[in-house]
Amino acid sequence: MVDTHLHQNSVQDVLDYDREKELKAFDDTKAGVKGVVDSGIVKVPPMFVIQTNELSCETSNSVLSHLQIPVIDLKDIHEGGFLRKQVVEEIQRASETWGFFQIVNHGISEDVMDDMIKGVRRFHEQPTEIKREYYTREKTKKVKFLSNFLLYQSKAANWRDTLYSVIAPDAPNPEELPAACRDIIISYSDNVKRLGVTLLELLSEALGLKPNHLIEMECAVKQELGGHYYPACPEPNRTMGNSAHSDPDFFTILLQDQTGGLQVLYQNQWIDVTPVTGALVVNLGDLFQLISNDKFKSITHRVLVNQEGPRISVACFFNTHQQVNRLYGPIKELLSDDNPPLYREIQVREYIVHYASKGLGNSALANFRL
């Protein structure tokens, strides 16, 4: 009788659960996931719970479980000649195999990176009343605080809050940025924009093109910064910091603290991206895979949560204007009779709309294959 009663209660709980209502109530607090944690919860609310198979941490292949994404030293890139060519070849191999790599000696000081991490933490750990002023889902806002970009489209909400800012080409006025991290956002943004141009040149050469080819294609004219905050989670086996996905851009430069949790899907195994002191993580997005005609990879990645926290990361997304009518398809110089185009030409806004409508999960690229 006890088992039957418990089962009936469980079924009734499911029947009574109104997901849309819970999502709306959460959004209306404008406090994010940290607000949920600060309320004293000991269990993950239903809106965050994901299917058990999505949390698979299978790394049964002992060889693969010890793999790490490549770490590439950029200190010799300005020397030219053989030394630069060596770095370009490393980037080529990493982009063809992983679509992910870490870079050291990239020109951004550890002091600036540490201050950026501290600035993001300061913002997110302010009183909710202060953060609430920035909370919005308005697409036109250049600076905003929110939790889960695809909150209403995703099957389960992620255990993460974000301070978002456009940083190029139309950067916000300094006073629009939160005082808690205003100066460091401006400083870090200047540094990461320069690094983005350098990487675009190296990636162009890695494709066998002239250094300015991807710059002239305007693959990095739009840059957006996301300061992510993953609070400690009471039940890390029931939710995700960031669900498995690939990025809807050309490439991303990620600064992460030493907490860990980022994983990439390599040969059907989840591989940890172990933090390296002073390093930045670079990953190619779906649009880069499209223009390279699958030569370079945009691979699936995710972020696990932890009972200890917070985890803090700062992602800079490099993209092109969504408003322009320019078409992007496989680069003509890379095509031949033996390597025909795999994708149709598309406008970037068409891709972004499809990506957002489907929610995180399977790659959106399949929709544009010929």
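Structure first, text after, so check above.
Anyway, here's the lowdown on the structure attached to this text. If you're wondering where the values come from, they're calculated on a predicted model, not measured in any experiment.

For the rest of this paragraph, the subject is the environment of H245. Mapped onto the elements of the fold, H245 is located in strand β6 (residues 242–245). Given a relative accessible area of 8%, H245 falls into the buried group. Measuring from C-alpha to C-alpha, the distance between H245 and V276 comes to 23 Å, with 31 residues separating the pair along the chain. At 2.7 Å, the side chain of H245 forms a polar contact with the backbone oxygen of S243. Side chain to side chain, H245 and D247 meet in a polar contact 3.2 Å long.

Let us now look at the pairing of strand β7 (residues 251–256). Judged by how many residues are buried, β7 sits mostly within the fold: 6 of 6 residues are covered. Covered by surrounding structure in β7 are F251, I253 and L255 together with T252, L254 and Q256, the residues of both alternating faces. Of the pairings in the sheet, the one linking β7 to strand β10 (residues 280–284) comprises 4 bridges and is antiparallel in character. The residue of β10 that forms the bridge with L254 is V281. Note: β7 against strand β12 (residues 311–319), 6 bridges, orientation antiparallel. Looking at the pairing, L255 lines up with V314 of β12.

We now examine helix α5 (residues 81–97). When the terminal C-alpha atoms of α5 are compared, their 25 Å separation across 17 residues agrees well with the 24 Å that a helix rising 1.5 Å per residue should span. Those residues of α5 that sit buried are R84, V87, V88, I91, A94 and S95. Burial along α5 is one-sided: seen end-on, the buried residues are contained in an arc of 125°. Away from its buried face, by an angle of more than 90 degrees, α5 presents the exposed residues G81, F82 and K85. On its buried face, α5 is in contact with β1 (71–73), β2 (100–104), α8 (182–206) and β10. At the C-terminal side of α5, G99 shows a positive phi close to 75°.

What follows covers the pattern of salt bridges. On inspection of all chains with the given rule, the structure shows 14 salt bridges. In this structure, E96 engages K295 in a salt bridge whose closest nitrogen and oxygen atoms are separated by 2.8 Å. Pair noted here: E96 is in helix α5 and K295 is in the loop between α10 (286–291) and β11 (301–303), with a separation of 199 residues, a long-range link. Exposure remark for K295: the relative accessible area of 31% places this residue in the partly exposed category. What emerges from the salt-bridge pattern is a single network uniting K43, E235 and R238.

Throughout the structure, instances matching the rule amount to 12 aromatic pairs. Measuring from ring centre to ring centre gives 5.7 Å for F26 and F48, while their planes differ by 90°; the resulting arrangement is edge-to-face. Within this pair, whereas F26 is found in helix α2 (residues 19–29), its partner F48 is found in the loop between α3 (32–38) and α4 (62–65), the two being separated by 22 residues in sequence. There is no split in this pair, since F26 and F48 are both buried. Judged by centre distance (5.6 Å) and plane angle (45°), the rings of Y351 and F368 are tilted. Taken as a pair, Y351 in helix α11 (residues 348–358) and F368 in the segment after α11 lie far apart in primary sequence, 17 residues in all. Of the two residues, Y351 and F368, both sit in the buried class.

Once that is clear, we can look at a negative patch on the surface. On the surface, E110, D111, D114 and D115 cluster together to form a negatively charged patch. Mapped onto the secondary structure, D111 falls in helix α6 (residues 110–124).

All right, on to unusual backbone geometry then. For the peptide bond that leads from A168 to P169, omega is 0°, which places it in the cis range. Residue P310 follows G309 across a cis peptide bond; omega there is 10°. Of note, P310 is situated in the loop between β11 and β12. You will see that E218, though not glycine, has its phi angle at about 60°, which is positive. One can find E218 in the loop between α9 (213–216) and β5 (222–230). Residue E218 is classed as partly exposed on the basis of its relative accessible area of 32%.

About the criteria used
- Residue numbers run consecutively from 1 along every chain, following the written order of its sequence.
- Local features in this predicted model are restricted to residues whose pLDDT is 70 or higher, and side-chain atom pairs enter the listing and the counts only when it is 80 or higher, whereas totals over whole chains, interfaces and linings include all residues.
- Just so you know, side-chain values use all the structure's heavy atoms and leave hydrogens and water out.
- Helix and strand assignments come from DSSP, with helices taken as H or I runs of at least 4 residues and strands as E runs of at least 2, each series counted from the N terminus.
- Three labels apply to residues, based on accessible area from a 1.4 Å probe with only protein chains included: buried if under 20% of the type maximum, exposed if over 50%, partly exposed otherwise in between.
- Two N or O atoms form a polar contact when they lie within 3.5 Å of each other; inside protein one atom must be a possible hydrogen donor and the other a possible acceptor, and for residues adjacent in sequence the pair counts only when both atoms belong to side chains.
- The criterion for strand pairing is that DSSP finds at least two bridges linking the strands in question.
- A helix is expected to span 1.5 Å for every residue after the first.
- This arc is built from the directions going out from the helix axis to the C-beta atoms.
- Note on contacts: a residue pair is in contact if any heavy atoms of the two residues lie within 4.5 Å.
- Here a salt bridge means any side-chain nitrogen of Lys or Arg lying within 4 Å of a carboxyl oxygen belonging to Asp or Glu.
- Here a pair means two rings of Phe, Tyr or Trp (six-membered ring of Trp) with centres within 6.5 Å. Their orientation is stacked below 30 degrees between planes, edge-to-face above 60, and tilted elsewhere.
- Residues enter patches when they are more than 30% accessible in relative terms and free of salt bridges; like-charged ones are connected within 9 Å and nonpolar ones (Val, Leu, Ile, Met, Phe, Trp, Tyr) within 5 Å.
- The Shrake-Rupley method, run with a 1.4 Å probe sphere, supplies the accessible areas, and residue values consider only the shown protein chains as cover.
- Positive charge is attributed to Lys and Arg, negative charge to Asp and Glu, and no charge count is given to His or to the chain ends.
- Charge placement uses NZ in Lys and CZ in Arg. For Asp and Glu, CG and CD serve respectively.

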